[in-house]
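Notes for the structure review
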Amino acid sequence: MNFIDGGVCAAKGYKANGVHCGIRKPAVKKDLALIVSETKASAAAVYTQNLVKGAPIAVTKKNIADGKAMAIICNSGNANTCNANGIEIAEQMCELTEKYTGISKNDVVVASTGVIGQPLDITPIANGMEELVKDLGENNSAEAAAAIMTTDTQKKEIAVSFEIGGVECRMGGIAKGSGMIHPNMATMLVFVTSDVAISPELLQKALSEDVKTSFNMISVDGDTSTNDMVTVLANGLAGNKEITEEGEDFEIFKEALHTVTVYLCRKIAGDGEGASKLLECKVSGAKTDKEAKGSAKSVICSSLLKAAMFGADANWGRVLCALGYSGEDLDVNKIDVSFKSCKGEILVCKNGSGVEFSEEKAKEILLEKEIEILVNLNDGDYSATAWGCDLTYDYVKINGDYRS
């Protein structure tokens, strides 16, 4: 697996672009993105489990019910959620894509992100389409990545190359996500493109399995968004023999997908609203897969633990506390906890009880930008990893006036 440049344009047959059309202020912020494949691609997606869903989700589900798509259009600045005419607006976005690209409106994935409950005017989107399509290019992944951002402080994109059956294949992705992240499928918006030939059925299987150990294991603030969507397109232009059944080729594809998704997970968690640190909780020694995942997610979700990490306070009791209310059947008298960063590793809890450690060394470790919280349940062979961030003053500042 090799990391390469190009994001969603790295694979053969994809172009992208992002422009400012007028939804967001100020005018320097891009707010409309488009990704197109030169041929019809296998398509798969997973969506938010929130009962309140953005209108684009319903339209996308309908459009890719046949397992095919050729384009992705997305606006930022307005979620198009809880609007009486939301479906109509989402469908109009697909119609505009057809008008300006020639791609059938029924082969378009549509997405929106931003403020919930505010009407979305189609006028700026319509006015921006000509420029958006005119400058579609094979080197414009970064433009699209910028256009889907809301409170994100950095663009999130990745691409990898790998071989299937002796044929070079590529996969790339972009994501947005900073706040309102506590998914039960995926998080916020993620768009992945590949030139692998794979059936829609196996593509959906790969994605549905992947999110269980990638996007489902992130939490920034405990709020599950209304517009979460992860979409994967695979257009087959690499020329590999189509993957239609499980086996070695399918496993290689899944490995590539997981490399892309985990990278984007870490970027999303580390860029949580107001965050100054990426937190990674690694749980080992669990009796079951469920126990490992539930334990890791509970630690990452703890507001008290997140606040302690912001203050570089080795308050390991908050880790034990979070494990205790995780709902998992844990033997708390077996649990070990350590903190780790590029400055080293320090054991702070053994068999459910505190051990002597240097507070100065612990603080040095926890002042770094990436912190690992290592939990050994010492009760089995299963493990899991979850990602989150610290809780800072800026999180409240950002969300105290989000609509303005």
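Please refer to the structure higher up on the page.
Residues numbered from 1 in each chain as written. Predicted model: local features only at pLDDT ≥ 70, side-chain atom pairs only at ≥ 80, totals over all residues. Heavy atoms only, no water.

What to know about the side chain of Asp31
Going by this rule: For the purposes of this entry, the term helix denotes a DSSP run of H or I that reaches at least four residues, the term strand denotes a run of E that reaches at least two, and both are numbered from the N terminus. Type-normalised accessible area, obtained with a 1.4 Å probe on protein chains alone, sets the label of each residue: buried when under 20%, exposed when over 50%, and partly exposed for intermediate values. A positive count includes Lys and Arg, and a negative count includes Asp and Glu. His and the chain ends are not counted in either. Throughout this description, the term salt bridge denotes a Lys or Arg side-chain nitrogen within 4 Å of a carboxyl oxygen of Asp or Glu. Residues adjacent in sequence count toward polar contacts only when both atoms are side-chain atoms; beyond that, a polar contact is any pair of N or O atoms within 3.5 Å, and within protein one must be able to donate a hydrogen and the other to accept it. Contacts are assigned to residue pairs with any non-hydrogen atoms lying within 4.5 Å of each other.
Here Asp31 shows up in the loop between strand E2 (14-19) and strand E3 (32-47). Arg24 is the oppositely charged side chain nearest to the buried, salt-bridge-free Asp31, at an N-O distance of 6.1 Å. At a separation of 2.9 Å, a polar atom in the side chain of Asp31 contacts the main-chain amide nitrogen of Arg24. Excluding residues within four positions of it along the chain, Asp31 makes contact with Val19, His20, Cys21, Gly22, Ile23, Arg24, Cys74, Asn75, Ser76 and Ala147.

Observations concerning the pattern of salt bridges
Inspection of the entire model under this criterion finds 22 salt bridges. Linking Glu280 and Arg266 is a salt bridge whose minimum nitrogen-to-oxygen distance equals 2.8 Å. With a gap of 14 residues between them, Glu280 in strand E10 (residues 278-286) and Arg266 in helix H6 (residues 248-270) connect regions that are remote in the sequence. For Glu280, a relative accessible area of 10% corresponds to the buried category. Its relative accessible area of 26% is what places Arg266 among the partly exposed residues. Where Lys290 meets Glu328, a salt bridge forms, and the shortest distance between an N and an O atom there is 3.1 Å. With Lys290 in helix H7 (residues 289-301) and Glu328 in the loop between helix H9 (317-324) and strand E11 (336-341), this pair connects stretches of sequence that are 38 residues apart. Of the residues examined, Glu328 reaches a relative accessible area of 16% and is grouped as buried.

Observations concerning the side chain of Asn78
With respect to the element layout, Asn78 can be found in strand E4 (residues 68-78). Within polar-contact distance, the side chain of Asn78 engages the backbone oxygen of Pro119 at 3.0 Å. The residues touching Asn78, leaving out its near neighbours within four places in the chain, are Ile23, Asn83, Ser112, Thr113, Gly114, Val115, Gln118, Pro119 and Leu120.

A short note on the pairing of E4
How we decide: At least two bridges found by DSSP between two strands is the condition for calling them paired.
Taking burial as the measure, the eleven residues of E4 include nine buried ones, the bulk of the element. Bridge count between E3 and E4: seven bridges; the pairing is antiparallel. Residue pairing in the sheet places Leu32 in a bridge with Asn75 of E4.

What about the packing of aromatic side chains?
Selection rule: Here a Phe, Tyr or Trp ring, Trp counted by its six-membered ring, pairs with any other such ring whose centre lies within 6.5 Å, and the pair is stacked when the planes are under 30 degrees apart, edge-to-face when over 60, and tilted otherwise.
Inspection of the entire model under this criterion finds one aromatic pair. Note on Phe310 and Tyr393: the rings are 5.2 Å apart at their centroids and 90 degrees apart in plane angle, and the pair reads as edge-to-face. Of this pair, Phe310 sits in helix H8 (residues 303-310) while Tyr393 sits in helix H11 (residues 393-400); the two residues are 83 residues apart in sequence, bridging distant segments of the chain. Since its relative accessible area comes to 63%, Tyr393 is described here as exposed.

With respect to the packing of helix H5 (residues 200-210) against H6
Two quantities define a packed helix pair, namely the angle between the helix axes and the distance between the axes. Formally: Comment: axis = line fitted to C-alpha atoms, over the contacting stretch for helices; angle = value between 0 and 180 degrees taken between N-to-C directions. Orientation categories follow fixed angle ranges, with anything under 35 degrees roughly parallel, anything over 145 roughly antiparallel, 65 to 115 roughly perpendicular, and all other angles oblique. By the definition used in this description, the sense in which the near helix is turned from the far one sets the handedness, with an anticlockwise turn below a right angle giving left-handed and a clockwise turn giving right-handed. Note on residue classes: Ala, Val, Leu, Ile, Met, Phe, Trp, Tyr, Cys and Pro are nonpolar, Asp, Glu, Lys and Arg are charged, and everything else, Gly too, is polar.
Direction vectors running N to C along H5 and H6 enclose 45 degrees, while the axes themselves pass 10 Å from each other. Between H5 and H6, the interaxial angle falls into the category oblique. Once H5 is placed against H6, the crossing between them reads as right-handed. Contact residues: H5 offers Leu202, Leu203, Lys205, Ala206, Leu207, Glu209 and Asp210, while H6 offers Phe250, Phe253, Lys254, Leu257, His258 and Thr261. In terms of residue class, the contact of H5 with H6 is built from seven nonpolar, two polar and four charged.

So, unusual backbone geometry
With a phi angle near 50 degrees, Asn80 is a residue other than glycine that sits in the positive phi range. One can find Asn80 in the loop between E4 and helix H2 (86-101). A relative accessible area of 0% means that Asn80 is categorised as buried. Positive phi is not limited to glycine here, since Cys82 has a value of about 65 degrees. Of note, Cys82 is situated in the loop between E4 and H2. Accessibility expressed as a relative area gives 56% for Cys82, which makes it exposed.

Quick look at the environment of Pro56
Position of Pro56 among the secondary structure elements: in helix H1 (residues 55-63). Given a relative accessible area of 1%, Pro56 falls into the buried group.

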